[in-house]
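Spelled out from the first residue to the last, the chains are:
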Amino acid sequence: SGNGSGSDVSGNGSGSNDSGNTGRAASLQEDLSWAHGAYFSRRFPVRLCPAEVARISADKDGAAAMGKHGTGIMLPLFDLLNHKHGAQVTWTGDDSRVAFCLEAAAGDEVFNNYGPKSNEELLMGFGFATLNNPSDTYNLRLTVGQQDGSRVSLGPFQIGTGAGIGLSESTVAGHGQDGSASSDDTNAEASLFDVIPASLFAAIADPAGFARKQHTVQDGKDHANIDHNDHDDHDDYDDHDDAVGVDLDDALLLLHTLTARLAPFEATASRDRQFACMDPADGQAAAQVVFAARYRCGQHAALCSATAMLQALCQDCK
């Protein structure tokens, strides 16, 4: 994976005659795990190869897989580039070549931009996390009781810091993305719905109705993990519509919930920041410790932004 966290596995293993089948099976599983990780962490958008897009689209099963799993292509050498927020990168491609363009001074490291990904996405997909990630989010799930005594989970709802306003997933052509260029413009001023999605307030105001809507969306998409910051998933409201009404009691309830979620991160904030600022390459702390601390700092920042917004909102409503 990128940013200095690579891995290597052997090819065929060395099982004895008595346990040859077991050894080969274990080696095959190891190889498949390596291939899966390498592909999903190093793939580039398939749109860079139009002929491949046409081939996949012509096949019903292939088109479905491309839409659901994000089929990509492999570009050796390019996949070695580390990620950097703000790197202005342009990717273009046709059926005979792929072009990579950026501005860099002689002697500078050449970076790619993987897109506006949170540290959770970077950790799960690439094995690293960045300090002061403007795209960091805290994923909140709500559990509500039903009349029949069952409980249903709503979400996840992505609570952000507001620092990544202007970052567009569709304009990035890094690993696994779907665009042609990248830009980390964060000049816009954050509003309430830039930090807390309107869909979260809708879920709090009418949990049962939102649960029915979520169930309908999931059935329509034929998979369980729905991103409730995706406007296509809920056309009854817009997560960035300033006209969406917010009830004071709902805001107070959410503030209480997020304050409780914030407490554990507040307790370790100083220590997390200390480790997060370390360079994994200098050996002061294990890379896993540094990246975990950076992840926690991002969670802390997102929750701080949300609680500050809610406190201001509640104060204005009093």
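What you are looking at is a predicted structure, and each value in this text was computed from that prediction instead of being measured.

Caption draft 1: The overall build of the protein chain, seen in detail. The secondary structure content of the protein chain amounts to 10 helices and 6 strands. Counting the 318 residues in the protein chain, one finds 38% classified as buried. Sequence-distant contacts in the protein chain: of pairs separated by 6 or more residues, those separated by 24 or more amount to 63%. Counting every atom, the protein chain has about 17,300 Å² of accessible surface; 51% of that belongs to carbon and sulfur.

Caption draft 2: Structural context of the packing of aromatic side chains. Across all of its chains, the model carries 10 aromatic pairs by this definition. When the ring of Phe 78 is compared with that of Phe 100, the centres are 5.7 Å apart and the planes differ by 45°; the resulting orientation is tilted. Placement of Phe 78 in the loop between β2 (72–73) and β3 (89–93) and of Phe 100 in strand β4 (residues 98–102) is noted, with a sequence separation of 22 residues between them. Residue Phe 78 is classed as partly exposed on the basis of its relative accessible area, which comes to 24%. Note on Phe 193 and Phe 201: the rings are 6.1 Å apart at their centroids and 85° apart in plane angle, and the pair reads as edge-to-face. Using a relative accessible area of 6% as the deciding quantity, one classes Phe 193 as buried. Linked through ring pairs, Phe 44, Phe 78, Trp 91 and Phe 100 together constitute an aromatic cluster.

Caption draft 3: View of the environment of Pro 156. On the secondary structure map, Pro 156 appears in strand β6 (residues 151–160). Overall, Pro 156 belongs to the buried group, its relative accessible area being 18%. Along the chain, Pro 156 and Leu 200 lie 44 residues apart, while their C-alpha atoms are 9.0 Å from each other.

Caption draft 4: Examining the environment of Gly 93 more closely. With respect to the secondary-structure elements, Gly 93 resides in strand β3. Separated by 46 residues in sequence, Gly 93 and Arg 47 place their C-alpha atoms 7.8 Å apart. Apart from the residues within four sequence positions on either side, Gly 93 is in contact with Leu 48, Pro 50 and Val 98.

Caption draft 5: Spotlight on the packing of helix α8 (residues 248–267) against helix α10 (residues 287–317). Closest axis-to-axis distance for the α8/α10 pair is 9 Å, and the angle between their directions is 150°. Looking at the two axes, α8 sits roughly antiparallel to α10. When you trace α8 past α10, the crossing you get is left-handed. Along the contact surface, α8 presents Leu 248, Ala 251, Leu 252, Leu 254, Leu 255, Leu 258, Thr 259, Arg 261, Leu 262, Pro 264, Phe 265 and Glu 266, while α10 presents Arg 296, Gln 299, His 300, Leu 303, Cys 304, Ala 306, Thr 307, Leu 310, Gln 311, Leu 313, Cys 314 and Cys 317. Taken together, the residues that form the contact of α8 with α10 break down as 16 nonpolar, 5 polar and 3 charged.

Quick notes on the rules
- Residues numbered from 1 in each chain as written.
- Predicted model: local features only at pLDDT ≥ 70, side-chain atom pairs only at ≥ 80, totals over all residues.
- Heavy atoms only, no water.
- Helix = DSSP H or I, 4+ residues; strand = E, 2+ residues; numbered from the N terminus.
- Buried < 20%, exposed > 50% of the residue type's maximum accessible area, 1.4 Å probe, protein only.
- Contact = heavy atoms within 4.5 Å.
- Areas by Shrake-Rupley, 256 points an atom, 1.4 Å probe, with all protein chains shown as cover.
- Phe/Tyr/Trp six-rings, centres within 6.5 Å; stacked < 30°, edge-to-face > 60°.
- Axes fitted to C-alpha atoms, helices over the stretch in contact; angles between N-to-C directions.
- Parallel < 35°, antiparallel > 145°, perpendicular 65-115°, else oblique.
- Left-handed = near helix turned anticlockwise from the far one by under 90°.
- Nonpolar A, V, L, I, M, F, W, Y, C, P; charged D, E, K, R; others polar.

Purely geometric stuff here, so don't read any function into it on its own.
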